[in-house]
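In case you want the letters, here they are:
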Amino acid sequence: LLSHCVDLFNETDSTEIDFKSQVPESMVYYDREHLVRIFNNLIKNALQAIPHNREGLISVEITDNVNDYVVKVQDNGSGIPVDKIDKIFVPNFTTKSKGMGLGLSMVKSMVENAKGEVWFETEENVGTTFFVRLPRVDND
């Protein structure tokens, strides 16, 4: 599913998105459409965070951490200003000229409903990395 999300954006945007998986197959117990919305939102935000005068670099990676999977979406965008960090997951907050500021609050809500966690690391003028941790389902 994550690979398909990356492929969709690679087909529609000039910024190449690198996908790495250290997991041959991953299973989580969650609504497929919600997962698509989570990952599409994070990738779209990463694309929009890259200034027009900068060649975009986006990396999406999934790793297996025994009891859960961690998905990392990293960009080389403008980063999140220090005074905005505490507001990133607040509904109706946006740093963009377009949009309603619901994307990341929706992501947070859906991830937490799946018993997961979402967080980020950012540095102004360097980029931002969002992490999504989701509990795994064993196929045994």
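### Focus: the overall build of the protein
Looking only at helices and strands, the protein has three helices and five strands in total. Of the regular secondary structure in the protein, the N- to C-terminal order runs α-β-α-β-β-α-β-β. Its C-alpha atoms give the protein a radius of gyration of 15 Å, near enough to 14 Å, the size a compact globule of 140 residues would have. Seen along its three principal axes, the alpha-carbon backbone of the protein occupies a region of about 50 × 30 × 25 Å.

### Considering the pairing of strand 3 (residues 68-75)
The element strand 3 is largely enclosed, with a buried count of six among its eight residues. Bridging between strand 2 (residues 58-64) and strand 3 involves seven bridges; their strand directions are antiparallel. Paired with Val60 across the strands is Val73, a residue of strand 3. In this structure, the hairpin formed by strand 2 and strand 3 is closed by a connection of three residues, where Val66 is found at a positive phi of approximately 65°.

### Here we look at the layout of surface pockets
The calculated volume of the second largest pocket comes to roughly 400 Å³. Along the wall of the second largest pocket there are 19 residues; nearest its centre are Leu1, Leu2, Ser26, Val28 and Ile62. Elements supplying a minimum of two residues to the lining of the second largest pocket: helix 1 (2-12), strand 1 (17-21), helix 2 (32-48) and strand 3. A total of three residues in the lining of the second largest pocket trace back to one element, the largest contributor, which is helix 2. Considered class by class, the residues forming the lining of the second largest pocket number 14 nonpolar, three polar and two charged.

### Quick word on the confidence of the model for the protein
Residues with a pLDDT of 70 or more make up 90% of the protein, whose mean pLDDT is 86. Looking at the elements of the protein, mean pLDDT is at its lowest for helix 1, recorded as 85, and at its highest for strand 4 (residues 117-123), recorded as 96.

### Let's talk about the packing of helix 2 against helix 3 (residues 103-113)
At their nearest, the axes of helix 2 and helix 3 sit 10 Å apart, and the two run at 145° to each other. Relative to helix 3, helix 2 is oriented so that their crossing is left-handed. Contacts between helix 2 and helix 3 pair His34, Arg37, Ile38, Asn41, Leu42 and Asn45 from the former with Gly103, Leu104, Met106, Val107, Met110 and Val111 from the latter. Looking at the contact of helix 2 with helix 3 residue by residue, the class counts come to seven nonpolar, four polar and one charged.

### Focus: the packing of helix 1 against helix 2
For the pair helix 1 and helix 2, the least separation of the axes is 10 Å and the interaxial angle reads 40°. You can see that helix 1 and helix 2 cross each other, and the crossing is right-handed. Residue-level contacts link Leu2, Cys5, Val6, Leu8 and Phe9 of helix 1 to Val36, Phe39, Asn40, Ile43, Lys44 and Leu47 of helix 2. Of the residues in the contact of helix 1 with helix 2, the class split is nine nonpolar, one polar and one charged.

What counts as what
Residues numbered from 1 in each chain as written. Predicted model: local features only at pLDDT ≥ 70, side-chain atom pairs only at ≥ 80, totals over all residues. Heavy atoms only, no water. Helix = DSSP H or I, 4+ residues; strand = E, 2+ residues; numbered from the N terminus. Rg over C-alpha atoms; globule rule 2.2 N^0.38 Å. Buried < 20%, exposed > 50% of the residue type's maximum accessible area, 1.4 Å probe, protein only. Pairing = 2+ DSSP bridges. 1 Å grid on protein atoms, 1.4 Å probe; cavity = no way out; pocket = protein on both sides within 12 Å on 5 of 7 lines; lining within 4 Å. Points joined across faces, edges and corners; volume = space filled by probe spheres on them. Nonpolar A, V, L, I, M, F, W, Y, C, P; charged D, E, K, R; others polar. pLDDT = per-residue confidence, 0-100. Axes fitted to C-alpha atoms, helices over the stretch in contact; angles between N-to-C directions. Left-handed = near helix turned anticlockwise from the far one by under 90°. Contact = heavy atoms within 4.5 Å.

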